[in-house]
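Breakdown of the fold
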Amino acid sequence: MARSTNCPAADQGAGIKTQRLHTGKPGYVMDARTQQRPRQTMKRILLCIGVWLFTTGLTADEPVDKPLFSFGVIADCQYCNVKVAKTAARQYAMSTKKLAACVDHLNRLDLEFVVHLGDFIDRDFASFADVVPIYNRLKADHYHVLGNHDFDVADDQKAKVPRVLGLKERYYQFRRRGYRFIALDGNDVSLHAYPAGDPRVGQAKAYHAKLPKGTPTWNGALGQAQLDWLEKNLNEAKRAGEKVILFCHFPVFPKDVHNLWNAKQVLSVLTRHPHVVAYMNGHNHAGGYGKLSGQHYVTFKGMVNTHETAYSVVHVHRDRLEVKGEGRQQDKTLLLQAASKKAGD
């Protein structure tokens, strides 16, 4: 703590010698340099400390850098009860064990909520029955984002996917402590999310045909209605003075084969809103990161890969987001825009 020039006691260190001086009252010991009684000196020290704590907004028993709140993030659990080689990149059947250990850990923490960023299963509607009960053991509020593999089920079961995950809407928003969280549906325009014969499949085929040759069919796009809804919510958040974090299964930045078909269109919306601080996604199991217009674009590593788990806890501070990774997921500090500008970013 810096010494205050307005507090004489602040200039006195430990080990200052004292001597008896004539005060008219025998028995008092006074400081030879300041002519102050030790008790008075201590009072001044405590007063200075109290003033400093008051002006910094801290209390004696409060951590200096306590987060405003924290939330859990899991990506690509991608469970399916199939046997694969021990050396296979994706260990589908191990995801129940990994998810259970993750839930047990997160339940010991003080979390505002937990979100899974899509591809909760790899295939087969029956797979949901093995992992949904595990995820629902979470004590904190918990949410899902829809992934492409979540729809790798029989045609007559595709419409049941959002409901089995507890979703009333395919895209939605919620608020927590000055933040608005927006969950997007990247399967809105999709070749795999709807049954054969559904007009939306034909619309998706026409959409994909206009994309550059070689664009993967397993990605998707946000439809115009969802884009309009997104713009509306971003404007509402701005008027409310809220910061915004978005969740989606598919990345939009940096450029990558896994990105949404209309990633550029989505970015043109997001970058117009400086109160958007982060976009978080899965889909690319290797993970990734990019920064654009002061906004952080974070791809979280897939839990399903290898024999080691991967998930995170995000601590929200006034000036930054602290991503605390578990297993293969690395830690990362994400400075918020105002703090970044001060740091010369």
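A short tour of the structure in this document, coming up. (Residues numbered from 1 in each chain as written. Predicted model: local features only at pLDDT ≥ 70, side-chain atom pairs only at ≥ 80, totals over all residues. Heavy atoms only, no water.)

What about the nonpolar core?
One finds F71, L99, I245, F247 and L321 to be the most contacted residues of the largest nonpolar core, which totals 59 residues. Setting aside its immediate chain neighbours within four residues, F71 contacts L111, F113, F181, I245, F247, M280, S312, V313, V314 and V316. L222, A237, L267 and V269 belong to the second-largest nonpolar core, a separate cluster that totals 22 residues. (Core = buried A, V, L, I, M, F, W, Y, C linked by side-chain atoms within 4.5 Å. Buried < 20%, exposed > 50% of the residue type's maximum accessible area, 1.4 Å probe, protein only. Contact = heavy atoms within 4.5 Å.)

Let's talk about the side chain of N219
Inspection of the secondary structure assignment puts N219 in the loop between α5 (199-209) and α6 (224-240). Here N259 takes part through its backbone oxygen, which lies 3.1 Å from a polar atom of the side chain of N219. Within polar-contact distance, the side chain of N219 engages the side chain of H283 at 2.8 Å. Filtering out sequence-adjacent residues up to four positions away, N219 remains in contact with H192, F250, V257, H258, N259, W261 and H283. (Helix = DSSP H or I, 4+ residues; strand = E, 2+ residues; numbered from the N terminus. Polar contact = N/O pair within 3.5 Å; in protein donor to acceptor, adjacent residues only side chain to side chain.)

Some words on the sheet that holds strand β9 (residues 276-281)
Reading across from one edge, β6-β7-β8-β9-β11-β10 is the order of the 6 strands in this open sheet, with mixed pairing throughout. Where the open sheet ends on each side, the last strands, each with one partner, are β6 (172-176) and β10 (288-292). In this sheet, neighbouring strand axes are inclined to one another by 15° on average, regardless of whether the strands run parallel or antiparallel. Where strand β8 (residues 243-248) lies against β9, 5 bridges are found, and the strand directions are parallel. (Pairing = 2+ DSSP bridges. Axes fitted to C-alpha atoms, helices over the stretch in contact; angles between N-to-C directions.)

Thoughts on the pattern of salt bridges
The tally for this structure, following the rule as stated, stands at 15 salt bridges. Taking the shortest distance from any N to any O, the salt bridge between E231 and R272 comes out at 2.5 Å. Taken together, the positions of E231 in helix α6 and R272 in the loop between α7 (263-270) and β9 put the pair 41 residues apart, joining distant regions of the chain. Overlapping salt bridges, with partners in common, bring together R175, R180, K232, E236 and E242 in one network. (Salt bridge = Lys/Arg side-chain N within 4 Å of Asp/Glu carboxyl O.)

Comments concerning the sheet that holds strand β5 (residues 141-144)
Read from one edge to the other, the open sheet built from 6 strands follows the order β5-β4-β3-β12-β13-β14, with strand pairing classed as mixed. Of all strands in the sheet, those bounded by a partner on one side alone are β5 and β14 (332-335). Across the sheet, the axes of successive neighbouring strands diverge by a mean angle of 20°, strand direction being ignored. With 7 bridges connecting them, strand β12 (residues 310-316) and strand β13 (residues 320-327) associate as antiparallel partners. Directly across from V313, in β13, lies its bridge partner K324. Across the sheet, helix α2 (residues 95-106) lies against β3 (69-74), β4 (113-116), β12 and β13, angled at about 20° from β12, the strand it touches most.

What to know about α2
With 12 residues, α2 should cover 16 Å at 1.5 Å per step; its first-to-last C-alpha distance of 16 Å lies within 8% of that length. Elements in contact with the buried residues of α2: β3, β4, α3 (128-135), β12 and β13. (Expected span 1.5 Å × (residues − 1).)

Some details on the packing of α6 against α7
Where α6 contacts α7, the two axes come as close as 10 Å, and the packing angle between them is 20°. In this view, α6 runs roughly parallel relative to α7, as classed from their interaxial angle. By crossing handedness, the relation of α6 to α7 is classed as right-handed. Judged by residue contacts, Q224, L227, L230, E231 and L234 of α6 engage Q265, V266, V269 and L270 from α7. In terms of residue class, the contact of α6 with α7 is made up of 6 nonpolar, 2 polar and 1 charged. (Parallel < 35°, antiparallel > 145°, perpendicular 65-115°, else oblique. Left-handed = near helix turned anticlockwise from the far one by under 90°. Nonpolar A, V, L, I, M, F, W, Y, C, P; charged D, E, K, R; others polar.)

Details of the pairing of β12
In terms of burial, β12 is a largely internal element, 6 of the 7 residues being buried. Taken together, the 5 bridges between β3 and β12 define a ladder with antiparallel strand orientation. Counted as the bridge partner of S70 is H315 from β12. The loop that links β12 with its antiparallel partner β13 comprises 3 residues.

A short note on α5
Of all the positions in α5, only V201, A204 and H208 are classed as buried. End-on, the buried residues of α5 take up no more than an arc of 60°, which puts them together on one face. Facing away from the buried side of α5 by more than 90 degrees, the exposed set consists of P199, Q203 and A209. Two to three positions downstream of the cap, the backbone nitrogen of R200 sits 2.8 Å from a side-chain oxygen, assigning the N-cap of α5 to D198. (Arc of directions from axis to C-beta.)

Topic: the packing of α2 against α3
Remark: α2 packs on α3, axes separated minimally by 9 Å, with the N-to-C direction vectors making an angle of 10°. In terms of axis orientation, α2 runs roughly parallel to α3. The residues of α3 that touch α2, namely those facing T96, L99, A100 and V103, are D130, V131, I134 and Y135. The class makeup of the residues in the contact of α2 with α3 is 6 nonpolar, 1 polar and 1 charged.

Looking at unusual backbone geometry
A cis amide bond links F253 with the next residue in sequence, P254, at an omega value of -5°. Checked against the element boundaries, P254 lands in the loop between β8 and α7. Although it is not a glycine, D119 adopts a positive phi angle of roughly 60°. Its location among the elements puts D119 in the loop between β4 and α3. Within the chain, T306 stands out as a residue other than glycine whose phi angle is a positive 60°.

Everything listed here is a matter of coordinates, which is why it stays silent on function.
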